[in-house]
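One-letter residues, chain by chain:
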Amino acid sequence: RSARDLEVGALVAVPVGVDRWGCLQVTALVRSGTGSRTCLIVGVLDWRGDAPPEAGSVAGSTVIEQGLTRIEIFTNGGLRVTGTCQVTAHDHKSNFQDTEIGTSHHVWGWQAAIRHAESVPG
């Protein structure tokens, strides 16, 4: 119900077709102030599985892209957290932390975040 209930590293199961799964991972959160209840940064993992993602099944997967999205991936999209694991180091910068001039960020509506996870080959 709130991004404040999440933790960095949370694995978000995305159904992909029949009996296949993709995964978004929470890569950054803001803990207080504007957006702390509704906004989160999710990374799309280069992972596909026959069961919802868990820490052991996504081991070695990397974030291939990430974007700022909203809690509606859960409240409207029906997605759920299925586990937690450490975020693998990647080169994608967080909207919450990178404010350099010329930086480009991805901002995804909840449906776009799901589509990004669904589009991973596999």
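Residues numbered from 1 in each chain as written. Predicted model: local features only at pLDDT ≥ 70, side-chain atom pairs only at ≥ 80, totals over all residues. Heavy atoms only, no water.

Peer 1: I tried to follow the overall build of the protein on my own but got confused; where do I start?
Peer 2: On a plain count of helices and strands, the protein comes out with three helices and five strands. Ordered by position in the sequence, the α and β elements of the protein form the string β-β-β-α-β-α-β-α. In the protein, which comprises 122 residues, the proportion classed as buried is 45%. Across the protein, the fraction of contacts at a sequence separation of at least 24, relative to all contacts at a separation of at least 6, is 69%. Carbon and sulfur atoms make up 48% of the accessible area of the protein, which totals about 6600 Å². (Helix = DSSP H or I, 4+ residues; strand = E, 2+ residues; numbered from the N terminus. Buried < 20%, exposed > 50% of the residue type's maximum accessible area, 1.4 Å probe, protein only. Contact = heavy atoms within 4.5 Å. Areas by Shrake-Rupley, 256 points an atom, 1.4 Å probe, with all protein chains shown as cover.)

Peer 1: Teacher, can you tell me more about the side chain of Ser2 here?
Peer 2: Its place among the elements puts Ser2 in the segment before strand E1 (10-15). Looking at Ser2, the relative accessible area reads 8%, which means it is buried. Of the polar contacts made by the side chain of Ser2, one reaches the backbone nitrogen of Arg4; its length is 3.1 Å. Residue contacts for Ser2: discarding those within four places in its chain leaves Arg37 and Ile71. (Polar contact = N/O pair within 3.5 Å; in protein donor to acceptor, adjacent residues only side chain to side chain.)

Peer 1: In this structure, what is going on with the sheet that holds strand E4 (residues 63-70)? I would like to understand it.
Peer 2: Pairing between the strands of a sheet comes from backbone hydrogen bonds, and it takes one of two forms, parallel or antiparallel. Taken together, five strands build an open sheet; the order of strands is E4-E3-E2-E1-E5 and the sheet is antiparallel. Unpaired on one side and paired on the other, E4 and strand E5 (80-84) mark the two borders of the sheet. When strand polarity is set aside, the average angle formed by the axes of neighbouring strands in this sheet is 35°. Pairing geometry for E1 and strand E2 (residues 21-28), over five bridges, is antiparallel. Residue Val14 lies in a different strand from E2, and its bridge partner there is Gly22. With respect to the sheet, helix H3 (residues 110-118) is in contact with E1, E2, strand E3 (39-45) and E4, its orientation differing from that of E1 by roughly 80°. (Pairing = 2+ DSSP bridges. Axes fitted to C-alpha atoms, helices over the stretch in contact; angles between N-to-C directions.)

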